[in-house]
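Commentary on secondary and tertiary structure
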Amino acid sequence: MSISSIFNSVYPFVVAILFFELIIIIHEGGHFVAARLMKIKVNEFSIGMGPKLFSFKKGDTKYSLRLILFGGYCAMEGEDKDSDDKNAFGNKKVIQRIFVVVAGALMNLVLGFIIVLIIVSSQNLVGTTQVAKFDTNAVSVNSGLQVGDEIKSIDGMRIYATNDITTAFSRSDDDTVDMVVSRNGKTESLTVKFDTELIEGRQYISMDFWLVGNEKTFFGVLSQAGKEFLSYARMVFLSVHDIIVGRFGISDMSGPVGTVTVVSSAVKTSVYSMLRIMALLTINVGLFNLFPIPALDGWRLFVLIGEGITRKKLPQKMEYLINAVGLVLLLGLMSVVTFSDITKLF
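None of these values were measured; they are calculated from a predicted model. (Residues numbered from 1 in each chain as written. Predicted model: local features only at pLDDT ≥ 70, side-chain atom pairs only at ≥ 80, totals over all residues. Heavy atoms only, no water.)

Turning to the overall build of the protein chain, a few remarks are in order. Scanning the protein chain from terminus to terminus reveals eight helices and 10 strands. Split into buried and exposed, the 346 residues of the protein chain put 38% on the buried side. Restricting to contacts in the protein chain with at least 6 residues of sequence separation, those with at least 24 account for 66%. Carbon and sulfur atoms make up 63% of the accessible area of the protein chain, which totals about 19,400 Å². (Helix = DSSP H or I, 4+ residues; strand = E, 2+ residues; numbered from the N terminus. Buried < 20%, exposed > 50% of the residue type's maximum accessible area, 1.4 Å probe, protein only. Contact = heavy atoms within 4.5 Å. Areas by Shrake-Rupley, 256 points an atom, 1.4 Å probe, with all protein chains shown as cover.)

Next up, the structure:
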């Protein structure tokens, strides 16, 4: 095997791992910068987990690089236990602690928006939700869909951006969807049938029409990027909903191994595919961290809001216990998902 072929096989995984770590660095970096702004003492800021490769200390903070580039942390004084230090996390005002807690997720969302903005800016035209033309022998045209129709909803799901159309199609259980379109200033309700294609054992609607693209303008690109960003965010909530109601199971979820595999495959396909996966991934991390689940930032945010309302702190031992149980459950789920990811590889 040549060096070139080895490089072509390895580099997509390296890119995927580095991006996965970038998401974590951005997240923990958000906590770090917010903590410094609130004058909270940070004991250690680590890139990676596991054995320490090297570290240095500047001021009160130790900066570390660790062996396993699948994690990182921002360890603040008084974060998990009581401290007499006036600059400890637990001794700051509620609003200051809330700012620090949400900063990590906020930075992930900012990164996601920047990536979406890059995607939209790099395209020749700005996408819309209006039908431009049909493929040869398109099936949907036989159901009354017409050129010029602006798609407003699909199976009850409101359509704001181009991505919403593909998302709605991917959620359909068969080859037929209910569509609401705007045509010549009037609203039309259609039942539209499509061809389907088999992808990884599941039937998906085959989109047989093209959408109108507008010339790029500064505000047009910015507006479209905002719509696409919200579209990605909605995909995260829809995915969680589908898992809760049993639409998807454990085998459909992906952990770090599965995520790296998907990103590496996208790297091999095209820069556009890679950026789309990266945008969805970082937005997913940002939003999921805000869910009120023990061991996540969202749970700490939930506790802090409760403290702000009641003026009473949750006992440190109780908070630690709840977080510990949540962490064990999350690690257990991660182990199962990771095992599922590995079995898919073989």
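From this point, things continue past the structure.
With the rule as written, the count across this model stands at 12 aromatic pairs. Centre to centre, the rings of Phe288 and Phe291 are 5.4 Å apart; their planes meet at 65 degrees, and the pair counts as edge-to-face. Assessed through its relative accessible area of 15%, Phe291 is described here as buried. Positioned above the aromatic ring of Trp210 is the side chain of Lys133, whose terminal nitrogen or guanidinium carbon lies 5.2 Å from the ring centre. (Phe/Tyr/Trp six-rings, centres within 6.5 Å; stacked < 30°, edge-to-face > 60°. Lys NZ or Arg CZ within 6 Å of the ring centre and 35° of its normal.)

The next point concerns a nonpolar patch on the surface. A cluster of nonpolar side chains, Met49, Leu53, Phe54, Phe56, Leu67, Ile68 and Phe70, forms an exposed patch at the surface whose accessible area comes to about 660 Å². Elements with a contribution of two residues or more to the nonpolar patch: β1 (42–58) and β2 (61–76). Of note, Ile68 is situated in strand β2. (Patch = residues over 30% accessible without salt bridge, like charges linked within 9 Å, V, L, I, M, F, W, Y side chains within 5 Å. Salt bridge = Lys/Arg side-chain N within 4 Å of Asp/Glu carboxyl O.)

Another aspect to go through is the side chain of His27. Position of His27 among the secondary structure elements: in helix α1 (residues 3–37). In this structure His27 comes out as buried when scored by relative accessible area, which is 7%. Of note is the side chain of His27, whose polar atom sits 2.8 Å from the side chain of Asn108. Not counting the four nearest positions on each side in its chain, His27 is found in contact with Gly104, Ala105, Asn108, Asn289 and Asp297. (Polar contact = N/O pair within 3.5 Å; in protein donor to acceptor, adjacent residues only side chain to side chain.)

Summed over all chains, the structure comprises seven salt bridges. With a shortest N-O distance of 2.4 Å, Lys193 and Asp175 are connected by a salt bridge. Taken as a pair, Lys193 in strand β7 (residues 186–193) and Asp175 in the loop between α3 (162–170) and β6 (176–183) lie far apart in primary sequence, 18 residues in all. Given a relative accessible area of 39%, Lys193 falls into the partly exposed group. We classify Asp175 as partly exposed; its relative accessible area is 22%.

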